[in-house]
Amino acid sequence: MQSSLPLTIDRAAGLPLHLQLAEQFRAAVLDGRLQAGHRLPSTRDLARELGVSRSVMQAAYDQLHAEGWIEGRTGAGTFVTDVVPLQPAVRRRTQHLPDADAKLLTLRPGIPYIAPTPDPGWRRAWREVSTQSPPGGYDDAAGLPALRAALADHVARVRGIACGPENVLVTNGTVHGLRLLLTVTRQPGDRIAIEDPGYLNAVVAARDHRLEIVDVPVDEDGLQVDALTEAAAVYVTPSHQYPLGGRLPVARRNELVRWARRTGSLLIEDDYDSEFRYDVAPLPALAQLDLERVVHLGTLSKTLSPALRLGWLVASEAMVDQLATFRADSGDWPGWPMQAAMLAMLRDGYLDQAVRRGRRLYADRRTHTCAVLSPYGTVVGQDAGLHITLLLPDDADDLKIAAAAREAGVVVAPLSEYRRTVPGPPGLVIGYATPSTSDLHRALTILTEILSRR
Ligand SMILES: Cc1ncc(COP(=O)(O)O)c(C=O)c1O
């Protein structure tokens, strides 16, 4: 039935009549069929026109009135209010939509191989979590006590850091730990030294905290400690410099810690992929030298998956307390199921097993990648981690090469994207862990075709 307003009744629609009417009324205002200031018929007249009870019509008007679509004016009646429709929100495209690259072969650095079928250790951990009820209240902001203890044992065993649960804070990964540390310990305007070339997310975190970034050069041994100038903090990747792959030798490590003790600077050790070394055993962590001066950041992103968003921060007890106090107020720490699963994976040796398996798998892929690419430049950083860097002749344009590779279906990272002010040769940062072995071979064939055309 039609009325003097653009409203109809559909008794088969399953939606209560007053809600149907309210919905149609809103749509009519938004598309301009009902204009602001239009005087509405009385509920009695409209109910008669539509063949519904007056109480239905009154309920529809009440609803619209409560939401602000109509207003009563004393002695004059009920009117449509002035509602200017909102433009639909403009959705910003994120830079790396996971799906946008789904069809490409990715040699993007830093992402481990994820087997299509989950293995028993993984399933066991989640089964165990699913059989427990969650804690009855907020849990410890530093992390589950049992997990902190397991992580302290883990970093003591595999990274040589003598520490206890009181030195460990569970995080959502390296970047989360880094940002927490910067928030709690740094003031805007503080100077932070960061390797150049270096990890972009560390640079972004420092910028977001309005720190002054000091670009420190690196060479084949990692951070050039003798180039450090005054800085309240230093971000460093001593085990496998990101992205060039140098390892900081003991003399430089000692010099760095001495420098930090002398200047009062805080050293932030990003230990992102130290588990994977192909020549010697993983090097001891920098934090092993002085937990008062070094904050150590570890992650499951390279060993299990970056999608887990889990990691750990190891520091002095006073520092951990300070960070945990901040977190207790912010509510920003990993949820109980994630932590409980991580605990099971550590306790049952699943993490160790994944590292052993990864090391075997990646060692072959790394050898193949180096062999295929070495005719086109100088391969560096191949002794550890999940990526190598191919340094190219000075006249090469790595941005163009990366763009041509993408066009041909292969994603690689140009080295110049990691550089800030310290000059150096162009290159490609190539992750060999992510694809299956056959996809890796295909991607490298495509890449070498592009490199040989240069
Ligand atoms: C140098 C470096 N640090 C840390 C990470 C991992 O960060 P997160 O633990 O936040 O995933 C990566 C990952 O690509 C990295 O390249």
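First, a word on scope: everything that follows refers to the structure included in this document. (Residues numbered from 1 in each chain as written. Predicted model: local features only at pLDDT ≥ 70, side-chain atom pairs only at ≥ 80, totals over all residues. Heavy atoms only, no water.)

## Concerning the overall build of the chain
If you tally the helices and strands in the chain, you get 13 helices and 17 strands. Taking 2.2 N^0.38 as the reference for a compact globule, 454 residues should give roughly 22 Å; the C-alpha atoms of the chain span a radius of gyration of 30 Å, well beyond that estimate. Taken over the C-alpha atoms alone, the chain extends approximately 90 × 55 × 50 Å along its principal axes. Per-residue burial for the chain yields a buried fraction of 50% across its 454 residues. (Helix = DSSP H or I, 4+ residues; strand = E, 2+ residues; numbered from the N terminus. Rg over C-alpha atoms; globule rule 2.2 N^0.38 Å. Buried < 20%, exposed > 50% of the residue type's maximum accessible area, 1.4 Å probe, protein only.)

## A word on the sheet that holds strand β8 (residues 222-223)
One open sheet accounts for 8 strands, arranged β5-β12-β11-β10-β9-β6-β7-β8; its pairing is mixed. Sheet topology places β5 (168-171) and β8 at the edges, where each strand pairs with a single neighbour. Of the pairings in the sheet, the one linking strand β6 (residues 191-196) to strand β9 (residues 233-236) comprises 3 bridges and is parallel in character. Of the residues in β9, the one forming a bridge with Ile192 is Ala233. Sitting on the sheet, helix α5 (residues 145-159) is in contact with β5, β11 (294-299) and β12 (311-314), with an inclination near 105 degrees to β5. (Pairing = 2+ DSSP bridges. Contact = heavy atoms within 4.5 Å. Axes fitted to C-alpha atoms, helices over the stretch in contact; angles between N-to-C directions.)

## A closer look at the packing of aromatic side chains
How two aromatic rings sit relative to each other is given by the distance of their centres and the angle of their planes. Summed over the entire model, instances satisfying the criterion amount to 5 aromatic pairs. With 5.3 Å between their ring centres and 75 degrees between their planes, Phe276 and Tyr362 make a pair best called edge-to-face. One end of the pair, Phe276, is in the loop between β10 (266-270) and β11; the other, Tyr362, is in helix α11 (residues 350-373), with 86 residues separating them in the sequence. What makes Tyr362 buried here is its relative accessible area of 3%. Sitting above the plane of the Phe79 ring, Arg73 keeps its charged end 4.0 Å from the centroid. (Phe/Tyr/Trp six-rings, centres within 6.5 Å; stacked < 30°, edge-to-face > 60°. Lys NZ or Arg CZ within 6 Å of the ring centre and 35° of its normal.)

## A short note on unusual backbone geometry
Leaving glycine aside, a negative phi is the common case for residues, and trans is the common case for peptide bonds. Here the residue pair Asp196 and Pro197 is connected by a cis peptide bond, since its omega of 5 degrees sits within 30 degrees of zero. Mapped onto the secondary structure, Pro197 falls in the loop between β6 and α7 (200-208). Omega for the bond connecting Tyr242 with Pro243 falls within 30 degrees of zero, at 10 degrees, which places this linkage in the cis form. Within the element layout of this structure, Pro243 appears in the loop between β9 and α8 (250-263). Despite not being glycine, Arg210 has its phi angle at roughly 55 degrees, a positive value. Note that Arg210 resides in the loop between α7 and β7 (212-219). If you check the backbone angles, Arg309 has positive phi at about 55 degrees while not being a glycine. When you line up the elements, Arg309 lands in the loop between β11 and β12.

## Comments concerning the pairing of β12
The side chains of a regular strand alternate between both faces of the sheet. The alternating pattern of β12 places Gly311 and Leu313 on one face and Trp312 and Val314 on the opposite face, and all of these are buried. Judged from the 4 bridges that link them, β5 and β12 form a sheet pairing that is antiparallel. Across the sheet, Val168 pairs through a bridge with Val314, a residue of β12. Across 4 bridges, the pairing between β11 and β12 is antiparallel. Within β12, the position partnered with Thr299 by the bridge is Gly311.

## A closer look at helix α12 (residues 398-407)
Looking only at α12, the buried set comprises Asp398, Ile401, Ala402 and Ala405. Buried residues along α12 cover an arc of 100 degrees about the axis, so they all sit on one side. Turned more than 90 degrees off the buried face of α12, the exposed positions are Lys400 and Glu407. Looking at the buried residues of α12, the elements they touch are β15 (410-411), β16 (413-414), β17 (427-431) and α13 (437-453). With a side-chain oxygen positioned 3.1 Å from the backbone nitrogen of Leu399, the residue opening α12 is Asp397. (Arc of directions from axis to C-beta. Polar contact = N/O pair within 3.5 Å; in protein donor to acceptor, adjacent residues only side chain to side chain.)

## What about the sheet that holds strand β3 (residues 77-80)?
Strands sit in the order β1-β3-β2 across an open sheet of 3 strands; the sheet is antiparallel. Since the sheet does not close on itself, it has two edges, and those belong to β1 (39-40) and β2 (70-73), each with one partner. Running at roughly 100 degrees to β2, helix α3 (residues 54-67) makes contact with β1 and β2 of the sheet.

## A few points about the layout of surface pockets
Quantified by volume, the second largest pocket comes out at close to 420 Å³. Lining the second largest pocket we find 21 residues, and of these Tyr113, Ile114, Ala115, Tyr350 and Arg357 sit closest to its centre. The greatest single-element share of the lining of the second largest pocket, amounting to 6 residues, is contributed by α11. Across the lining of the second largest pocket, the residue classes break down as 14 nonpolar, 4 polar and 3 charged. Residues lining the lining of the second largest pocket come from more than one domain, with at least three contributed by each of domain 2 (105-109 + 353-452) and domain 3 (120-350). (1 Å grid on protein atoms, 1.4 Å probe; cavity = no way out; pocket = protein on both sides within 12 Å on 5 of 7 lines; lining within 4 Å. Points joined across faces, edges and corners; volume = space filled by probe spheres on them. Nonpolar A, V, L, I, M, F, W, Y, C, P; charged D, E, K, R; others polar. Domains from an automatic or database assignment.)

## Things to note about the nonpolar core
In this structure, Leu107, Leu223, Leu228, Leu256, Val412, Ile430 and Leu447 are the most contacted members of the largest nonpolar core, which totals 78 residues. At 8 residues, the largest contribution of residues to this core is made by helix α10 (residues 336-347). If you count residues domain by domain, this core takes at least three from each of domain 2 (105-109 + 353-452) and domain 3 (120-350). The contacts of Leu228, once residues within four sequence positions are left out, are Ala193, Val216, Leu223, Val234, Leu256 and Trp259. In terms of nonpolar packing, the next biggest core, distinct from the first, is built from 26 residues, Leu178, Ile192, Leu297 and Leu313 among them. (Core = buried A, V, L, I, M, F, W, Y, C linked by side-chain atoms within 4.5 Å.)

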